[in-house]
Amino acid sequence: MSVPAEPSRRAALARRVGSSAVLIALVALAIFSQSPLFFSLVVTMFVGVALFEFFALFRRGNIPVSPVFGLLLGVAIPIVVYLESGGTQSGEILFLVLACFFLFILKFFRNDPQSLVGISLTLFGVLYISWFSSFLIKIRFLQGGVMWVTYLLTVTKAADIGAYAVGSLFGRHPLAPHISPKKSVEGLVAGLAASAGASLAFHGHLPYAFTAAHCAVLGLLIAIVGQIGDLSESLMKRFCQAKDSGAILPGMGGVMDVADSVIFTAPIFYFHLRLYL
């Protein structure tokens with residue numbers, strides 16, 4: 001006798017809800033602790049776990065990345081950004097330049113025809129995960145940073161939740177089947193609407209008086225950038241023939257699976273804010 005699928009769906013949903021609750025609690029604690037240090041440490045922790053997943057993903061794909069070097073460099077960047085109080089001294093840029101220099105030197109002593117591929121993906125992982133994520137710390141140090149971080153994460157994840165919920169129930173038209181067969185046009189539209197709605201909900205409560213139209217357009221921009229981030233991670237997983245980036249979060253996969261959209265929206269939102277603050 002076959003086991004009904006419904007209980008397994010309920011169990012998967014329960015695991016997903018449980019993981020989401022833990023994540024929300026941790027992120028809320030980090031944001032509202034009023035301590036930039038604690039917030040930066042939480043971001044650094046997420047960066048470290050995501051980098052571990054990134055390098056493990058490509059090592060399973062037989063790509064000669066340098067995980068230890070990449071992890072050490074990647075964890076150092078958000079710490080440097082914190083020590084600079086989120087300023088523009090660009091200490092993290094110096095780290096990246098030196099990393100490129102030393103990584104090439106390390107590969108000089110290995111007779112591996114794929115060394116250049118390994119160097120490229122190691123540096124890409126640090127740029128993509130560590131440097132992009134460090135913009136969350138830069139945003140936290142801006143005037144009204146607590147609210148700006150809250151706004152960014154809420155609007156970004158609203159798009160993810162809207163796209164997932166509607167796409168799962170009503171998705172009929174594939175968005176990019178060669179990258180992610182489960183993503184749909186219906187989900188994309190729902191994500192855009194959810195993000196714009198969440199952004200409008202912050203109107204009148206932000207540290208800078210954006211107009212309602214500005215909030216709506218900004219919400220759409222964040223949703224589009226977040227979807228690009230989501231598809232980008234799906235492209236990497238497809239290349240490595242993996243379903244999830246990891247299994248640390250029951251029902252959700254890995255940290256990269258959860259943070260992929262925020263990784264892209266954080267730097268875009270930071271530079272947008274710098275136009276006004």
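Residues numbered from 1 in each chain as written. Predicted model: local features only at pLDDT ≥ 70, side-chain atom pairs only at ≥ 80, totals over all residues. Heavy atoms only, no water.

Comments concerning helix α3 (residues 67-83)
Then, number 1: Here α3 spans 24 Å end to end across 17 residues, near enough to the 24 Å set by a 1.5 Å rise per residue.
Then, number 2: Of the positions making up α3, those classed as buried are Gly70, Leu73, Gly74, Ala76, Ile77, Pro78, Val80 and Val81.
Then, number 3: Ser85 sits one or two positions beyond α3 and adopts a positive phi of about 55°. (Helix = DSSP H or I, 4+ residues; strand = E, 2+ residues; numbered from the N terminus. Expected span 1.5 Å × (residues − 1). Buried < 20%, exposed > 50% of the residue type's maximum accessible area, 1.4 Å probe, protein only.)

Some thoughts on the pairing of strand β2 (residues 180-184)
Remember that side chains alternate between the two faces of the sheet whenever the strand is regular.
Then, number 1: Of the pairings in the sheet, the one linking strand β1 (residues 174-176) to β2 comprises two bridges and is antiparallel in character. Looking at β2, one finds that Ala176 is bridged to Ser180.
Then, number 2: Turn length for the β1-β2 hairpin, with the two strands adjacent in sequence and antiparallel, is three residues. (Pairing = 2+ DSSP bridges.)

Some points on helix α7 (residues 185-201)
Then, number 1: Taking 1.5 Å of rise per residue, the 17 residues of α7 would be expected to cover 24 Å, and the 24 Å separating its terminal C-alpha atoms lies within 8% of that figure.
Then, number 2: For α7, the full list of buried residues reads Gly187, Ala190, Gly191, Ser195, Ala196, Ala198 and Ser199.
Then, number 3: At its buried positions, α7 is contacted by α6 (145-170), β2 and α8 (212-239). (Contact = heavy atoms within 4.5 Å.)

Focus on the environment of Ala163
Then, number 1: When you line up the elements, Ala163 lands in helix α6.
Then, number 2: Separated by 27 residues in the primary sequence, Ala163 and Ala190 place their C-alpha atoms 5.3 Å from one another.
Then, number 3: Leave out the neighbours within four places in its chain, and Ala163 touches Ser168, Gly187, Ala190, Gly191 and Gln227.

Here we look at the packing of aromatic side chains
Then, number 1: The tally for this structure, following the rule as stated, stands at 20 aromatic pairs.
Then, number 2: With a centroid separation of 6.1 Å and 50° between ring planes, the pair formed by Phe54 and Phe124 is classed as tilted. Of this pair, Phe54 sits in helix α2 (residues 36-60) while Phe124 sits in helix α5 (residues 115-140); the two residues are 70 residues apart in sequence, bridging distant segments of the chain.
Then, number 3: Relative accessible area serves as the criterion here: at 0%, Phe54 is assigned to the buried category. (Phe/Tyr/Trp six-rings, centres within 6.5 Å; stacked < 30°, edge-to-face > 60°.)

Details of the confidence of the model for the chain
Then, number 1: Per-residue pLDDT for the chain averages 85, and the proportion of residues at 70 or more is 90%.
Then, number 2: Within the chain, helix α1 (residues 5-32) has the poorest average pLDDT of any element, 73, and α7 the best, 93.
Then, number 3: Predicted confidence is poor over residues 1-6, with pLDDT under 50, and the contacts of this stretch with residues over four places away or in other chains come to zero contacts. (pLDDT = per-residue confidence, 0-100.)

Focus: a nonpolar patch on the surface
Then, number 1: Together, Leu94, Leu98, Phe101 and Phe102 give the surface a local cluster of nonpolar side chains, amounting to about 400 Å² of exposed area.
Then, number 2: One can find Phe101 in helix α4 (residues 91-108).
Then, number 3: Phe101 gets classed as partly exposed once you look at its relative accessible area, which sits at 49%. (Patch = residues over 30% accessible without salt bridge, like charges linked within 9 Å, V, L, I, M, F, W, Y side chains within 5 Å. Areas by Shrake-Rupley, 256 points an atom, 1.4 Å probe, with all protein chains shown as cover. Salt bridge = Lys/Arg side-chain N within 4 Å of Asp/Glu carboxyl O.)

Section: the nonpolar core
Nonpolar side chains in soluble globular proteins tend to be buried together.
Then, number 1: Within the largest apolar cluster, 59 residues are counted, with the highest numbers of intra-cluster contacts made by Phe39, Phe58, Ile129, Leu136, Ile139, Tyr151 and Phe269.
Then, number 2: Counting only elements with at least two residues in this core, the list comes to α1, α2, α3, α4, α5, α6, α8 and α9 (255-274).
Then, number 3: Not counting residues up to four positions away in its chain, the partners in contact with Phe269 are Ile139, Trp148, Tyr151, Leu152, Leu218 and Ile222. (Core = buried A, V, L, I, M, F, W, Y, C linked by side-chain atoms within 4.5 Å.)

Digging into the packing of α6 against α8
Then, number 1: Here α6 crosses α8 at 65°, and the two axes come no closer than 9 Å. The hand of the α6/α8 crossing is right-handed. Each of Tyr151, Leu152, Val155, Thr156, Ala159, Asp160 and Ala163 in α6 lies in contact with α8, whose residues at this interface are Cys215, Leu218, Gly219, Ile222, Ala223 and Gln227.
Then, number 2: A breakdown of the residues in the contact of α6 with α8 according to their chemical character gives nine nonpolar, three polar and one charged. (Axes fitted to C-alpha atoms, helices over the stretch in contact; angles between N-to-C directions. Left-handed = near helix turned anticlockwise from the far one by under 90°. Nonpolar A, V, L, I, M, F, W, Y, C, P; charged D, E, K, R; others polar.)

Describing the side chain of Thr44
Then, number 1: When you line up the elements, Thr44 lands in helix α2.
Then, number 2: The exposure class of Thr44 is buried, given its relative accessible area of 11%.
Then, number 3: Excluding anything up to four places from it in sequence, Thr44 contacts Val75, Pro78 and Ile79.

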